[in-house]
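Descriptive structure summary
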Amino acid sequence: MFSLFKKKEDAAPEERLAACLQKKDYAGLARAYYDMGKAALSAGDEGKAMLWFGRADTVYSARDDVYDKVGEKITEDCSNKIGELEEAPLLSNQIEEEIIDRINGMDDAQARVWSLLALARFVPVANRLGTLPGCQVLGRLEKCLDLAVQSFQSPITPDEFDFIGGVSGELAELADLDCFFAGGEVPCGAGAPLQVFDLNGLAMLLNIEAFFDGHLHTLAGDPVKDQGEMIPCALVPDYWTRTVGGDLRQIPQVKAELDRIWADLEFVRSGPTWGAVAQRAADYKMLDVFAL
């Protein structure tokens, strides 16, 4: 029988997402992202599939009650699909492999400086997103960056040490909060607004948290070798996949950021002074990675 009313499952993806967000129906939100992932995979778009499956996984993994409502059939299939897509030739997969290849021959100080320079370019992004409700911790990353750079030249105080640790812990907590997976958006130099959920790719918050946790252990005399997971942070691949799609390496802003990543590697290998490192980080903090 013909009906004038569309069932929730028949609504356009954007309508489903908006309805679920308005009602705070997070199980419905996870299912909507999962269905979008399946549709993208059927269309042969592995990038969009990874984006949507990753968002579904984040939403249902944040809370036990949401996980239970979504059900094991979906959660297990989503997890399996993500595992399969981790082998796909996507920028987010390949850049991690490329960085690991380069970082294996570096000492920890070089690796950490390489990571910190990437974080410096992410700071303007974090500052903007840090204005969103519940996301204020992102606005404190700049101070953590400055203290980490300083720590290579002179000791930081116990209070400063604790400040970094506190921010690190809050970042890990943010990844499970609805202000992250159901949060807002801010204007962006690339055109389409930037969503806080665009930080989901590359496990960005957890990788930044892991970097600072390792840095604090190192400062405390318990060295932890940096693996470079934070280095791609300023690429924000989920934003570009969501708003542009296709081969991300062909997007001018992405190409420019990749060039900066590899230029930083050569800079670090050249044996720069700490003053030069601090100045390069300061310059990067003025950069808009989304602008042409």
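Shown above is the structure to which this text applies.
Quick look at the structure, then. (Residues numbered from 1 in each chain as written. Predicted model: local features only at pLDDT ≥ 70, side-chain atom pairs only at ≥ 80, totals over all residues. Heavy atoms only, no water.)

**What about the packing of helix 6 (residues 91-103) against helix 13 (residues 252-269)?**
The cut-off we apply is this: Only the stretch in contact is used when a helix axis is fitted, and all axes are lines through C-alpha atoms; the angle between N-to-C directions ranges over 0 to 180 degrees. Note on conventions: DSSP H or I runs of at least 4 residues are helices, E runs of at least 2 residues are strands, and numbering of each starts at the N terminus. Every angle not falling under 35 degrees, over 145, or within 65 to 115 is termed oblique; those three ranges are roughly parallel, roughly antiparallel and roughly perpendicular. Here, two residues are considered to be in contact whenever any of their heavy atoms come within 4.5 Å of each other. Ten residue types, Ala, Val, Leu, Ile, Met, Phe, Trp, Tyr, Cys and Pro, are classed as nonpolar, four, Asp, Glu, Lys and Arg, as charged, and the remainder, Gly among them, as polar.
At their nearest, the axes of helix 6 and helix 13 sit 12 Å apart, and the two run at 10° to each other. One element, helix 6, and the other, helix 13, form an angle in the roughly parallel class. Counting all contacts with helix 6, which are made through Leu91, Ile95, Glu98, Ile99 and Arg102, the residues of helix 13 involved are Val254, Leu258, Trp262, Leu265 and Arg269. Residue composition of the contact of helix 6 with helix 13, by class: 7 nonpolar, no polar and 3 charged.

**Looking at the pattern of salt bridges**
Two side chains bearing opposite charge may form a pair once their charged atoms approach each other closely. In plain terms, the rule: Throughout this description, the term salt bridge denotes a Lys or Arg side-chain nitrogen within 4 Å of a carboxyl oxygen of Asp or Glu. To sort residues, take the accessible area from a 1.4 Å probe on protein chains only and compare it with the maximum for the residue type: under 20% means buried, over 50% means exposed, and anything in between is partly exposed.
Overall, the coordinates contain 16 salt bridges when judged by the stated rule. Here aspartate 178 makes a salt bridge to arginine 63, at a shortest N to O gap of 3.5 Å. Taken together, the positions of aspartate 178 in helix 10 (residues 178-181) and arginine 63 in the loop between helix 3 (46-62) and helix 4 (64-70) put the pair 115 residues apart, joining distant regions of the chain. Residue class for aspartate 178 comes out partly exposed when judged on its relative accessible area of 27%. Between arginine 242 and aspartate 198 there is a salt bridge whose closest N-O contact spans 2.8 Å. One end of the pair, arginine 242, is in helix 12 (residues 237-243); the other, aspartate 198, is in the loop between strand 2 (194-195) and helix 11 (204-219), with 44 residues separating them in the sequence. Like aspartate 198, arginine 242 is buried.

**Quick notes on the nonpolar core**
Filter applied, for reference: Put simply, buried Ala, Val, Leu, Ile, Met, Phe, Trp, Tyr and Cys residues joined by side-chain atoms within 4.5 Å make one nonpolar core.
Residues Phe122 and Leu138 are the most contacted members of the largest nonpolar core, which totals 98 residues. The biggest single contributor to this core is helix 7 (residues 108-129), with 13 residues.

**Considerations on the state of the cysteines**
Put simply, the test is: Disulfide assignment relies on a single distance test, namely cysteine sulfur atoms paired within 2.5 Å.
This model, assessed by the stated rule, comprises 0 disulfides. Cysteine 78 forms no disulfide, and the closest cysteine sulfur to it belongs to cysteine 20, at a distance of 15 Å. For cysteine 78, a relative accessible area of 0% gives the class buried. We note that cysteine 179 lacks a disulfide partner, and the nearest cysteine sulfur, in cysteine 135, lies 4.5 Å from it. For cysteine 179, a relative accessible area of 14% translates into the label buried.

**Digging into the packing of aromatic side chains**
How we decide: Only the six-membered ring of Trp is used, alongside the rings of Phe and Tyr, when aromatic pairs are assigned; centres must lie within 6.5 Å, and planes under 30 degrees apart are stacked while those over 60 apart are edge-to-face, with the rest tilted. Geometrically, a charge over a ring is one whose NZ (Lys) or CZ (Arg) sits within 6 Å of the ring centre while staying within 35 degrees of the ring normal.
In the structure shown here, the tally under the stated rule is 12 aromatic pairs. With a centroid separation of 4.8 Å and an interplanar angle of 20°, the aromatic rings of phenylalanine 152 and tryptophan 274 are classed as stacked. Of this pair, phenylalanine 152 sits in the loop between helix 8 (141-151) and helix 9 (158-174) while tryptophan 274 sits in helix 14 (residues 274-284); the two residues are 122 residues apart in sequence, bridging distant segments of the chain. Note on tryptophan 274: relative accessible area 32%, which makes it partly exposed. Summarising the aromatic geometry, the rings of phenylalanine 180 and phenylalanine 197 are spaced 5.4 Å apart at their centres and angled 75° between planes, so their arrangement reads as edge-to-face. Here phenylalanine 180, found in helix 10, pairs with phenylalanine 197, found in the loop between strand 2 and helix 11; they are 17 residues apart in sequence, far enough to count as distant. Each member of the pair, phenylalanine 180 as well as phenylalanine 197, carries the same accessibility label: buried. Taken together, the ring pairs in this structure connect Tyr33, Trp52, Phe180 and Phe197 into an aromatic cluster. The ring of tryptophan 262 carries the charged tip of arginine 102 above its face, separated from the ring centre by 4.6 Å. A cation over a ring is seen here: arginine 280 above phenylalanine 267, with NZ or CZ 4.2 Å from the ring centre.

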